[in-house]
Every structure is written in C-alpha cells, then in structure tokens.
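This is what each chain is made of:
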Amino acid sequence: MSSTSDRPTPDQQLLAAAGRLDRRRFLTVTSAAAALAFGVNLPGAHAEENELAPRTLTENPFTLGVASGDPLPDAVVLWTRLAPRPLEPGVGLPPAGSIKVGWEIARDERFRRVERRGSAKAHAEFNWSVHVDATGLEAAREYWYRFTVGQWTSPVGRTRTAPSHGRKLDSTKLGLVSCQAYEDGYFTAYRHLAQEDLDAVFHVGDYIYEYGIDSVGGDRRYTDRVLPAALNHETTTLEDYRLRYSLYKTDPDLQAAHAAHPWYVTWDDHEVENNYAGGIPEKNQDPAPFVARRAAAYRAYWENQPLRMPKPNGTDLTLYRRFQYGQLAQFDILDTRQYRDDQANGDGWQYPTPESQDPKRTLMGATQERWFADGLRRSKALWNVVPQQVVFSRRKNTTAASSKLSMDAWDGYPAARERFLTAVDQAGVKNLVLLTGDVHVAYALDVKRDFDDPNSRTVGVEFVGTSISSDGDGEAHPSNWATLTAANPHMKFYDGRRGYTVVTLDRQHARADYRAVTHITRPDGTLLTAASFVTEAGNPGIRPA
Ligand SMILES: [Fe+2]
C-alpha cells in the first residue's frame, strides 16, 4: 500500500497552519515552511512508494526541455521535468508516486559513443523533476545528453565539463544573463545566446517574476493561445511557483539556451518576491507566513534548475558555491538575497544615513562572508570571477556632491562592501571580475578601492549584464544616461537595451562583448554588439577593446 496518497501535500500543510495563526503562530507557520523545504519528503525517503509504469505516460512528457548545470571536471548535472500538460494543475500526472526515467550522455550528438547511462526517479513530491549527477566524465570535453521514458525521448542537450584543476587553459568564453520577465516580451536574446560558442552561462537572478500574467502573456500579446487564469495573480504558494516555472520552461528560446550550454545559476529577489531581504518581505506583510512562502519558492526553484541536491538546512537553501575552472578562473557564485539585512531607510533611492552606514549591516551574511574571504585567500586562479546579483559599484543619480543611492544594491550596504574589498586586498587578488544583473541595463564599471575618491586605486572591474526581457524593448541611451555617466566617472559604459553579455577570459585579458537585440515585443528581433571592453591581467581598468 502506498503511503504517499494519505500524507498531506506541502500546500495542504501550509493551509492547515495558516488556519491556526492565532495560536503559537510563528512556530506553526515555521513548521509548515519546514514541510515545504528540503530535508522532508526527500526523494526515496519512503520505501513503499508507488512506482508508476512508463505506459502511464500516453502523452509526451518532455514539454519543458532539458538543461545541464554546475559542471565539474568529471561531472555535470542533467535536468528535465515530466509534464505532459505543463499548464494544467498536476501537469497531467497522478498526485503521488514516481516514474523511472532513463538518461544517457554521449561523446557525439547521435549517441553512437555513449559514455554513461542510467536511470533516475522522477517523484511527484518534487514535481516530477529529474536531477542526475552524471559522473565519471572527462574534463573540458563536450557531451550530449537525453532522457527516455516509455515510448518518449527528450530533446538532446549539449554540455561541457569544466577543465581539470591543474590545467593551464588558454581561454574560456562565458555567457552572462539575468532578468527574464515573461510578460515584458519575447526571450529573443536567448535564441541568439543559444547560437554562441560558450563553455558555460551564468544566470544571476530573476529567472521568474512573481506578478500576475494575463491571458495574452502581457506584452507578448498572444493571439494563438490563452494562458490559464491561475497565472493571473502574484505567486505565493508552491502550486503558484510551480505553475510559473512551467510557463517559463515552455518558452522555446529559453529551452534552446538551456539545451545549448551548461548553466551556473543563482537567484535574486523575484524568484520569491520583489526586494525581499533574508526572511523579511517587501512591504509590511506578516513575516511569519513569508517564511513559508519563501520555502515554497526555494523548493520550486530547486525543482526547476540543474542543481545538485543541497544539504537540508531548515527553510534555507544554500546556493552560494565555488568552482575552479582550471588555473584560469575561480568562480565564487554569491547569494546576496537570502541572508541580507533589511534595506535601510525604507528601501528605494535614498540619501545615505547612519542606518545605511551601520557597520554591522550585512548583504551576504557572516557565514558566506567568511567562506568568500577564505576562498579568495586560497585561490590560485588568474581571474577571480564573482557572479552575483545587485550592482556593486557606486551609482550616484545626480552630479551634486551628495546623491541618493540604491538601498537595495551594495550602495545600501557600504560596510559590507568595505569588508568585501578588504578581503580582496588581504588575499592579494589582482584580477577581480564582478558579473552582475538586477538593473535591466548594461554597465561597464571600474571597481574603485574608495568610491568617494575618484583617484583611488582601481581594484577590479564590474560587468553588469542587461536583462533578457524585463522592462521591454529599451533604448541605447535611457533618459538618465548623461546624468549617470557624468555623476559616476568610473562608469565607462551604459546601455539600456535588452540582451546578454559574452565574457572571454584568457591569460592576458578579460573581455566583455555586450550583445543587444533590436526589440523584444515582437518575436523577430535581431542581434548586434553594442560595445566591447577589456581589462588587462595585472592592470585592472575598463578599456575599449
Ligand atoms: Fe530583474
């Protein structure tokens, strides 16, 4: 007999907890949040689970594409999710049980030389997602992978393992993407990104947005389909977040970009809610139910990304992590959202105050700060690359001596930025490259040792990639272009169009090619390169390429 059918689902547990909010509310809601998080109902945790026969699948379950991620020298994570009817509740599969899914990874596109194969279980409790850590692979090599279940075979994905730790790699080409509001337009930039010759892609957050999406897909203005009404409200429950990922994952351009390259992903705010901070919601909502909302959002995020299984850690999900990329680069992928203090001065753009300048304020949390400083100290890489979420460098929005600053970015956490730069100094890091998202525009910035002193040392560079779609078509020079570039002499480039960035690292230079698309509110946008910059190894500073 199956035990899965009579156990309440996470959403049912949350709902039950919400009804008891007046009594011991915090503990109750926290335990509901724990039920949504990792460490409970882990796949395989119950032996008597009902395994469904593959013939149960009478419709193609591979509607959401495939993905690979977090490549190591000998392994890569392969992802897919079964969803015969992705936009229906329950995705067209039973409410409980598991299905065995076959996978294979080969040295060639036609699978004549299969390197490894095996099977993995897709579980209802993880929304029928499959995460395979394909190990025993060769370093710095291209592979192709696919999944099978019953009569169905998935699309083929291409991936690439990381170079071995000791290897002297001559160069690597990486993509930088962020911010893909579905309702703001087409993912045309991804169609072009899929054509680039890249070793890996960094996604630095806002993979989904939580706002309601109308029946025509907002500015996509569909005339050939009607999106379900269940999408037309802000996501708060596990069911909401899962449906939102299903919608995004059905996009053919996003599928193409995942199938073309392995991705290293991290999140920002909209994977949960705009400008949340740690356990604190955006507005003045009750923080207790927010913990459960956040746990649901984190769970849906993991279900839909090519990530290894994290260690269970209450309602948290550890996402910051480090990768060695031969001797050429070390990637320290940060999470500046989950552990941060609340935005100072009520958030938004504000003048600095003793509140924002409080030396105790943190953006990464103490544990991650220590982990980061330790990793820099031990680093032997030529380039220390830091993919992260919010703009690191100072951004004044007026040329006056004192200016408002963004309280959500590092400008709102100056003491934390100072500790970051001290760690860079103390580790003797010579070649710091920050890769940033969040702001829906592209910048190239010199990272100054002291942003109050334009003559202070340049200690690294920050490449801010624009959004894939958020904020619509955009324009090369937004209305504040002249003010921002004049107010911030370390800002060497600012462009307001949609697109992505190609970052090339070699022994002499780090280079950024800022790609832009002509428009995204119609699906036929074409690609151009807005500008290209380099910084020299050992001599940091943005220069035209
Ligand atoms: Fe965004």
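Being a predicted model, the structure only gives us computed values, none of them experimental.

Rules of the game
Residues numbered from 1 in each chain as written. Predicted model: local features only at pLDDT ≥ 70, side-chain atom pairs only at ≥ 80, totals over all residues. Heavy atoms only, no water. Donors = N, O, S within 2.8 Å, 3.2 Å for Na, K, Ca; no water. Helix = DSSP H or I, 4+ residues; strand = E, 2+ residues; numbered from the N terminus. Buried < 20%, exposed > 50% of the residue type's maximum accessible area, 1.4 Å probe, protein only. Salt bridge = Lys/Arg side-chain N within 4 Å of Asp/Glu carboxyl O. 1 Å grid on protein atoms, 1.4 Å probe; cavity = no way out; pocket = protein on both sides within 12 Å on 5 of 7 lines; lining within 4 Å. Points joined across faces, edges and corners; volume = space filled by probe spheres on them.

S.K.: Describe the coordination of the iron ion, and please don't skip the residues or the numbers.
M.R.: Surrounding the iron ion are the protein donor atoms Cys179 (SG), Asp206 (OD), Tyr209 (OH) and His440 (NE2), which sit 2.0 to 2.6 Å from the metal. Positions of the donor residues of the iron ion, expressed as sequence spacing, correspond to C-x26-D-x2-Y-x230-H. Placement of the pair is Asp206 in the loop between β11 (200-203) and α4 (238-249) and His440 in the loop between β18 (432-436) and β19 (442-448), with a sequence separation of 234 residues. The class for His440 is buried, based on a relative accessible area of 13%.

S.K.: Now, about the pattern of salt bridges: what can you tell me, with residues and values included?
M.R.: All chains considered together, the criterion is met by 39 salt bridges. Among the salt bridges present, the one from Arg107 reaches Glu138, with a minimum N-O distance of 2.7 Å. Here Glu138 lies in the loop between β6 (129-134) and β7 (142-149) and Arg107 lies in the loop between β4 (98-106) and β5 (114-123), a separation of 31 residues in the sequence. Under the relative-accessibility criterion, Glu138 is labelled partly exposed at 39%. Ionic pairing is found between Asp513 and Arg511, a salt bridge with its closest N-O pair at 3.0 Å. Note on Asp513: relative accessible area 8%, which makes it buried.

S.K.: I'd like a description of empty space enclosed by the protein, backed by residues and values.
M.R.: Tallied over the full model, the rule gives one cavity of 30 Å³ or more. By volume, the largest cavity amounts to about 30 Å³. What lines the largest cavity is simply Ala442, Thr466, Asp495, Arg497, Tyr500, Tyr514, Arg515, Ala516 and Ala530. At the level of secondary structure, the elements contributing two or more residues to the lining of the largest cavity comprise β22 (491-497) and β24 (509-517).

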